[in-house]
Amino acid sequence: VQLVESGGGLVQPGGTLRLSCGASGFTFSRYDMKWYRQAPGKERELVARITSAGGSTYYADSVKGRFTISRDNAKNTVYLQMNSLKPEDTAVYYCNAVHLSVQAWTYWGQGTQVTVSS
């Protein structure tokens, strides 16, 4: 089982990034997908979530209207489009898969660093 994030980097305030998370080794379409982030000295927080078929999404208040989560089940990939980035968005972003029926079946990626700075 693997979740591999990509797309992180350094961006100026107001800029955009698109994170990707490629999945392998499990039935991707049977899993809800989430993006978490963890800033230095802070707890990991849920940023966005999308259901297994992509019919429902959730966003943390801090990113609502700026971030968009989407998925392509044919490509076993989930995305996080991040617009109007702010310095407070700086964190390591993690991809998480949770089975739609069995919460204990969960997998994590290794994380990708996003730094928003001028």
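Residues numbered from 1 in each chain as written. Predicted model: local features only at pLDDT ≥ 70, side-chain atom pairs only at ≥ 80, totals over all residues. Heavy atoms only, no water.

Focus: the overall build of the protein chain
To keep things clear, this is the line we draw: Each helix corresponds to a stretch of at least 4 residues labelled H or I by DSSP, and each strand to a stretch of at least 2 residues labelled E; elements are numbered beginning at the N terminus. Computation of the radius of gyration draws on C-alpha atoms, with the globule rule given as 2.2 Å multiplied by the number of residues to the power 0.38. Using a 1.4 Å probe on the protein chains alone, a residue whose accessible area is under 20% of its type maximum counts as buried, one over 50% counts as exposed, and one in between counts as partly exposed. Every residue pair with non-hydrogen atoms within 4.5 Å of one another is taken to be in contact. Here, Shrake-Rupley sampling with a 1.4 Å probe gives the accessible areas, and only protein chains in the shown set may cover a residue.
Along the backbone of the protein chain there are zero helices and eleven strands. If you list the helices and strands of the protein chain from N to C, you get β-β-β-β-β-β-β-β-β-β-β. What you see for the protein chain is a C-alpha radius of gyration of 13 Å, in line with the 13 Å of a compact globule of 118 residues. Along the three orthogonal principal directions, the C-alpha set of the protein chain runs to about 40 × 25 × 25 Å. Sorting the 118 residues of the protein chain into buried and exposed places 42% on the buried side. Residue pairs in contact within the protein chain that sit at least 24 positions apart in sequence constitute 54% of those at least 6 positions apart. A total of about 6000 Å² of accessible surface is found on the protein chain, and carbon and sulfur atoms cover 46% of it.

Let's talk about the state of the cysteines
Where we set the bar: The disulfide criterion used throughout: a pair of cysteine sulfur atoms within 2.5 Å.
One pass over the structure, following the stated rule, counts one disulfide. Residue C21 pairs covalently with C95 via a disulfide, S to S 2.1 Å. Taking the torsion about the sulfur-sulfur bond, which here is approximately -85°, the covalent link between C21 and C95 counts as left-handed. Of this pair, C21 sits in strand β3 (residues 17-24) while C95 sits in strand β9 (residues 91-99); the two residues are 74 residues apart in sequence, bridging distant segments of the chain.

Overview of the pattern of salt bridges
Which entries qualify depends on this criterion: By salt bridge we mean one thing: a side-chain nitrogen of Lys or Arg within 4 Å of a carboxyl oxygen of Asp or Glu.
Under the definition given, this model contains four salt bridges. Residue R37 is joined to D89 by a salt bridge in which the shortest nitrogen-to-oxygen separation is 2.9 Å. A residue pair is termed long-range when its members are at least 10 positions apart, and R37 in strand β4 (residues 31-38) and D89 in the loop between β8 (77-82) and β9 qualify at 52 residues. With relative accessibility at 6%, the residue R37 sits in the buried group. Residue class for D89 comes out buried when judged on its relative accessible area of 1%. We note a salt bridge from D89 to R66, for which the minimum N-O separation is 2.8 Å.

Notes on the sheet that holds β3
The pairing of strands in a sheet happens through backbone hydrogen bonds and is either parallel or antiparallel. Going by this rule: Strand pairing is assigned whenever DSSP identifies at least 2 bridges connecting the two strands. Interaxial angles span 0 to 180 degrees and are taken between N-to-C directions of axes, which are lines fitted to C-alpha atoms, for helices over the stretch in contact.
Ordered by their spatial adjacency, four strands build an open sheet running β1-β3-β8-β7, and the pairing between neighbours is antiparallel. Whereas interior strands pair on both sides, the edge strands pair on one side only; in this sheet they are β1 (2-6) and β7 (67-72). Neighbour to neighbour, the strand axes of the sheet diverge by 15° on average, direction disregarded. In the sheet, β7 pairs with β8 via six bridges, with the strands oriented antiparallel. Residue pairing across strands places D72 opposite T77, the latter belonging to β8.

Here we look at the pairing of β8
On a regular strand, one side chain projects to one face of the sheet and the next to the other, so that they alternate. Among the six residues in β8, five count as buried, and that is most of the element. Across six bridges, the pairing between β3 and β8 is antiparallel. Across the sheet, the residue bridging to L17 is M82, located in β8. Hairpin remark: β7 followed by β8, antiparallel, with four residues in the connecting loop; positive phi at N76, about 55°.

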